[in-house]
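Architecture and fold: a report
Residues per chain, in single letters:
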Amino acid sequence: MQRQPAVEVVGLVKRYGAKTAVDRLDLTVGEGTVTAVLGPNGAGKTTTVETCEGYRRPDGGSVRILGLDPVADNAALRPRIGVMLQSGGVYPGARAEEMLRHTARLHAQPVDVDLLIERLGLESCGRTTYRRLSGGQQQRLALAMAVVGRPELLFLDEPTAGLDPQARHATWDLVRELRSDGATIVLTTHFMDEAEELADDVSVIDRGRVIARGTPEELCRGGAENTLRFSGRPGLDLASLLKALPADTAAAEITPGSYRIEGKVNPQLLATVTSWCAQHGVMPDRLAVERRTLEDVFLELTGRELRG
Ligand SMILES: Nc1ncnc2c1ncn2[C@@H]1O[C@H](COP(=O)(O)OP(=O)(O)OP(=O)(O)O)[C@@H](O)[C@H]1O
């Protein structure tokens, strides 16, 4: 029997007055996977995630979370999901450790609070009120609050925004660990390396719709446009090399003796280049195939202009 997805969003529409923030968006998250939702500012990521969390009511389409309705079945879902909002969601006057212990007591099988405090470097923050914590400490406390109940499904809205590299890596380790313990995780991020590191599946959202979906590898492979670089003696006859290559290939000498070939870089193209080099007495030094990064793909999909 096919297991139901942890998150199933079909044709979601969400409007703020005349503004359509989410426009017939589909999102399916398999149980036990990490899904990264990427998109430029204002793309609709937070609105989508907050609708999944039951904080916003859809204007159209359907949302099922662990098979339930996030608004109507909120009470049943609350103990099963963990939520880290982009900001707020934590009582500003409460002391950090008290709040965490209190949240832990609300759950049947909480994570060891002392261990969590140590893992997230919150030891020195215990008696400090939330409002007096630094931005990074607030962020780490919000993450601790989201995971302390050992949720089946965890929503993390930009979990590492503003964190130092140590805290970023501690967060990544925790996410990996929760996943290997069977949790399902949905995270939004502007860090492409974060998505590449953590995500089994990526959905790219733009103007309220999903414009691409796949594993990071699938997304980077799509289009098969890649770059081949090598060094050789300066002034090679690139017109002659291009004659040997497929028509849609480009070649350029970037700096004297440093060459870049762009096109469908496959074993055949590599063989043609090295054989052309052999015929012309050229040793192709530092020959390297450069894969597109998720950031390249993201910019190709969403363009380079700044969003409001
Ligand atoms: N409460 C609100 N009232 C009116 N408009 C809103 C509200 N919340 C969001 N919007 C608008 O809806 C659109 C989507 O916003 P949303 O916060 O979901 O985007 P996002 O992808 O999370 O952006 P970011 O990366 O900047 O966090 C934006 O145009 C935003 O201005």
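Cut-offs applied
- Residues numbered from 1 in each chain as written.
- Predicted model: local features only at pLDDT ≥ 70, side-chain atom pairs only at ≥ 80, totals over all residues.
- UniProt positions renumbered as here; feature names shortened; annotations may be inferred.
- Pairing = 2+ DSSP bridges.
- Helix = DSSP H or I, 4+ residues; strand = E, 2+ residues; numbered from the N terminus.
- Axes fitted to C-alpha atoms, helices over the stretch in contact; angles between N-to-C directions.
- Contact = placed C-beta atoms within 7 Å.
- Domains from an automatic or database assignment.
- Nonpolar A, V, L, I, M, F, W, Y, C, P; charged D, E, K, R; others polar.
- Near = placed C-beta within 6 Å.
- Core = buried A, V, L, I, M, F, W, Y, C linked by C-beta atoms within 7 Å.
- Buried ≥ 20, exposed ≤ 12 C-beta atoms within 10 Å, placed from the backbone.

The name given to the chain in an unreviewed UniProt entry is ABC-type xenobiotic transporter, with the source organism recorded as Wenjunlia tyrosinilytica. If you open the UniProt record of the chain and go to Sequence similarities (unreviewed entry), you find "Belongs to the ABC transporter superfamily. Drug exporter-1 (DrugE1) (TC 3.A.1.105) family."

What follows covers the sheet that holds strand β7 (residues 184-188). What holds strands together in a sheet is hydrogen bonding between their backbones, with the strands either parallel or antiparallel. In space, the 6 strands of this open sheet follow the order β5-β6-β7-β3-β8-β9, with mixed pairing throughout. Strand pairing shows two members of the sheet lacking a second neighbour, β5 (81-84) and β9 (209-214), which therefore form its edges. Averaged over all adjacent pairs, the angle separating strand axes in this sheet is 15 degrees, with direction ignored. Bridge count between β5 and strand β6 (residues 153-157): 4 bridges; the pairing is parallel. Its bridge partner being in β6, Met84 is matched across the sheet by Leu156.

With antiparallel pairing, the 3 strands of this open sheet are ordered in space as β2-β1-β4. Every interior strand has two partners, whereas the edge strands, β2 (19-29) and β4 (60-65), have only one. Ignoring strand direction, the axes of neighbouring strands in this sheet form an average angle of 25 degrees. Pairing analysis gives 5 bridges linking strand β1 (residues 7-16) to β4, with the strands arranged antiparallel. Following the sheet pairing, Val13 is matched in β4 by Gly60. Lying on the sheet, helix α1 (residues 45-52) is in contact with β1, β2 and β4; it crosses β1 at an angle near 120 degrees.

Before going further, it helps to examine the domain arrangement of the chain. Under the domain assignment used here, the chain contains domain 1 (7-220) and domain 2 (222-293). For domain 1 and domain 2, the distance between their C-alpha centroids amounts to 43 Å. Taken together, the 4 residues of domain 1 in the interface contact 4 residues of domain 2. Per-element accounting of the side of domain 1 that touches domain 2 gives the leading share, 3 residues, to helix α8 (residues 216-221). Broken down by class, the residue content of the side of domain 1 that touches domain 2 amounts to 3 nonpolar, no polar and 1 charged.

Another point: the site of the ligand. In the vicinity of the ligand, the contacting residues are Tyr16, Lys19, Ala21, Gly39, Asn41, Gly42, Ala43, Gly44, Lys45, Thr46 and Thr47. Sorting the residues of the shell around the ligand by element identifies β2 and α1 as the ones contributing at least two each. Per element, the largest residue contribution to the shell around the ligand is 3 residues, and it comes from α1. Among the residues forming the shell around the ligand, the class breakdown is 3 nonpolar, 6 polar and 2 charged.

Below, the discussion takes up the nonpolar core. In terms of nonpolar packing, the biggest core is built from 59 residues, with Ala36, Ala144, Ala146, Leu154, Phe155 and Ile185 touching the most fellow members. It is helix α5 (residues 135-147) that contributes the most residues to this core, 7 residues altogether. If near-sequence neighbours (up to four positions away) are discounted, Phe155 is found in contact with Val49, Cys52, Glu53, Ile81, Val83, Met84 and Val186. Core analysis: the next-biggest nonpolar cluster, separate from the first, contains 5 residues, Leu228, Phe230, Tyr259 and Ile261 among them.

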